Amino acid sequence: MAVKRGQGSDGERFREQEWNARHIIDRLWAFYRDHSSHRAITRVEFVEHIAYLLFLKMEEERSSRAGRFATPAIAPTGTWQRLTDRTGDTLHTELTRVMQILGAPLGEESAGRTTGGFGPDNSPLETARVLFRDAKPWPVGRMAELSRLIVDEIGPYTWTQVPQAELGRAFAALLSDCREDFLANKETGQILTPPAVLTVVARALDVHPGDTVIDAAGGIGSGLVAAHQVMSAHGERVGPEAIAAADLDPRMGRLATMNILLNTGRPFHEAPPVLVADSLKAKGLPVARSDRTVKPTVAICNPPFKSTGYVADDRLRSDFWAYGDFPLNFLQHIAITLPMGARAAVFVPDGVLFGSGPAATVRQRLLMNCDVHTLLRLPTGIFHGTNAKSNVLFFTKAVPKPSGEPATRTLWVYDHRTHIHHTDTGNPVAEDDFADFLAAYGRADALGDREKSPRFHPYSAADLLAQQGTSLDLLAGLGPQAQDLGSPRDIATRIADDLNRAQTSFRAVADALG
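Rules used throughout
Residues numbered from 1 in each chain as written. Predicted model: local features only at pLDDT ≥ 70, side-chain atom pairs only at ≥ 80, totals over all residues. Heavy atoms only, no water. Phe/Tyr/Trp six-rings, centres within 6.5 Å; stacked < 30°, edge-to-face > 60°. Helix = DSSP H or I, 4+ residues; strand = E, 2+ residues; numbered from the N terminus. Buried < 20%, exposed > 50% of the residue type's maximum accessible area, 1.4 Å probe, protein only. Lys NZ or Arg CZ within 6 Å of the ring centre and 35° of its normal. Pairing = 2+ DSSP bridges. Axes fitted to C-alpha atoms, helices over the stretch in contact; angles between N-to-C directions. Parallel < 35°, antiparallel > 145°, perpendicular 65-115°, else oblique. Left-handed = near helix turned anticlockwise from the far one by under 90°. Contact = heavy atoms within 4.5 Å. Core = buried A, V, L, I, M, F, W, Y, C linked by side-chain atoms within 4.5 Å.

S.K.: I'd love a proper account of the packing of aromatic side chains, names of residues and values included.
M.R.: Across all of its chains, the model carries 19 aromatic pairs by this definition. Ring centres 5.5 Å apart and planes at 75 degrees place the aromatic pair Trp29 and Tyr32 in the edge-to-face group. Placement of the pair is Trp29 and Tyr32 together in helix α1 (residues 21-35), with a separation of three residues, close to one helical turn. The two residues Trp29 and Tyr32 agree in class, both being buried. Across the ring face of Trp29, the terminal group of Arg43 is positioned such that the distance to the ring centre comes to 4.2 Å. Arg450 extends its terminal NZ or CZ atom over the ring of Tyr441, reaching a point 4.8 Å from the ring centre.

S.K.: Let's hear about the sheet that holds strand β5 (residues 343-349): which residues, and what values?
M.R.: Within a sheet, each strand pairs with its neighbour through backbone hydrogen bonds, oriented either parallel or antiparallel. As summarised here, the arrangement of the nine strands in space is β3-β2-β1-β4-β5-β7-β6-β8-β9, forming an open sheet in which the pairing is mixed. Because the sheet does not close on itself, it has two edges, and the strands there are β3 (274-276) and β9 (456-460). Averaged over all pairs of adjacent strands, the angle between their axes in this sheet comes to 20 degrees, without regard to strand direction. Inspection of the sheet shows strand β1 (residues 213-215) paired to strand β4 (residues 298-301) by two bridges, in the parallel sense. The residue of β4 that forms the bridge with Ile214 is Ala299.

S.K.: Just give me the short version of the packing of helix α9 (residues 195-204) against helix α10 (residues 222-232), but keep the residues and values in it.
M.R.: Running from amino to carboxyl end, α9 crosses α10 at an angle of 50 degrees, the nearest separation of the two axes being 8 Å. In terms of axis orientation, α9 runs oblique to α10. Seen along the crossing, α9 lies across α10 with a hand that is right-handed. Every residue of α10 that contacts α9 at Leu198, Thr199, Ala202 and Arg203 is listed here: Ser222, Gly223, Ala226, Ala227 and Val230.

S.K.: Quick one: what's the story with unusual backbone geometry, residue by residue and with numbers?
M.R.: Of note, Asp134 is a non-glycine position whose phi angle comes to about 60 degrees, a positive value. Positionally, Asp134 belongs in the loop between α5 (126-132) and α6 (143-154). Residue His419 is not a glycine yet carries a positive backbone phi of 65 degrees. Within the element layout of this structure, His419 appears in the loop between β8 (410-415) and α15 (435-441).

S.K.: Tell me about the nonpolar core, residues and numbers included.
M.R.: Core analysis: the biggest nonpolar cluster contains 59 residues, and Phe46, Phe55, Leu102, Trp159 and Met258 have the highest contact counts within it. Those elements giving two or more residues to this core turn out to be α1, α2 (43-63), α3 (79-85), α4 (88-102), α5, α6, α7 (164-176) and α11 (250-264). For this core, the element with the most residues is α2, which contributes eleven residues. Membership of the second largest hydrophobic core comes to 42 residues, among which are Leu198, Val201, Val392 and Trp412.

See the structure below:
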């Protein structure tokens, strides 16, 4: 049953201004549970449509305001009313038309529009173009469910009156609840990073309102949301130019866009915070933006850890130190393209720390060209449904020394893995779990004042470079721990994946034998 205006699920009367994230989350998932076909519509497809509808409804509310309080119109005039009035095939046709208009490439969106007022670049459409790119409505047979979602759950309410922080938290939580859908596509390497870890990273980097933070592999935008929240905590205004991301996947682009819009209060008609683009093809640019070239001071990036079917093409980037897989290429992309003095935190799997060949070359060049001052070994179990072993490399882009000495003098390793294990359900990682790390990390301008501890250990860069392969697979000396094989589900999943790969290999052999 839909919750009517002014009433909670228990009948208590309250207005949109009094809504909280829990109320929004529970109400929308209740609709998905009770009024939609789970076989025809996945959770992430449901959340995508929540994003489409909230964008159109809130845009209609803002553009309909009186006088100077109105924002530039984005959708064709009367879009929301037509979506509310239509059902069945006509609803499917109308929503398809709106998606095609708003998601059309630059120069093609004028067809079908019934409103004007745009400049030559149609700038108010840029964010909508990212959100609606390649968008498709639910199957035509599910229009009764979509109509009910529009009429009962979205249409009756003034969503621009909902507290921004609560609406942003609600949408971020809806995305987190889609983790099983993201896990189903784990071959692409896309896994959800716990927001608590991203907040810790942003705090360690000491991001502030004067920074410009970028993410070259934006995912669902959680890294930029965390950075924006840490910047805003300083009490100063954070402008829309302060964050920018790119991602190759149109779905990630749209989810990240709405996640950032709702969590930051960014106007819908301004330049998009995320572009659908391949950062690895952008030689000389950490990340592209439609309105200007971004000059970042901070980079936070958790690139895809897998690259199934990916073949490195060394013709694309003559500036790379060596060609490897996605994690290795994103690491050097950021290290090479950042301006001098910029700070970075890049998530890398264990293989980047000890791999031979291209990985060893990149490690050596990274220590030579950047001040790689901190390595955070993350605990296992923090990434849903996987036993991925991840780390965060913190570094600052440095000016090469004329003497040829490495830019890195000392690499400090914080071991937050040995004897620590988390799960995203029974024992989820929290920001407080990293309190000791943040205290040990210290201020960015006082790294020389660090103190050694059982979990925090310094390594001389000269000694590391003197070793064959320059391995960074380092711990703090807490002693050995039993190998963490993950949960029974993790073990079973890995066995199934191994068997599938073996079956594929044997089938190829059989085919070759005729």
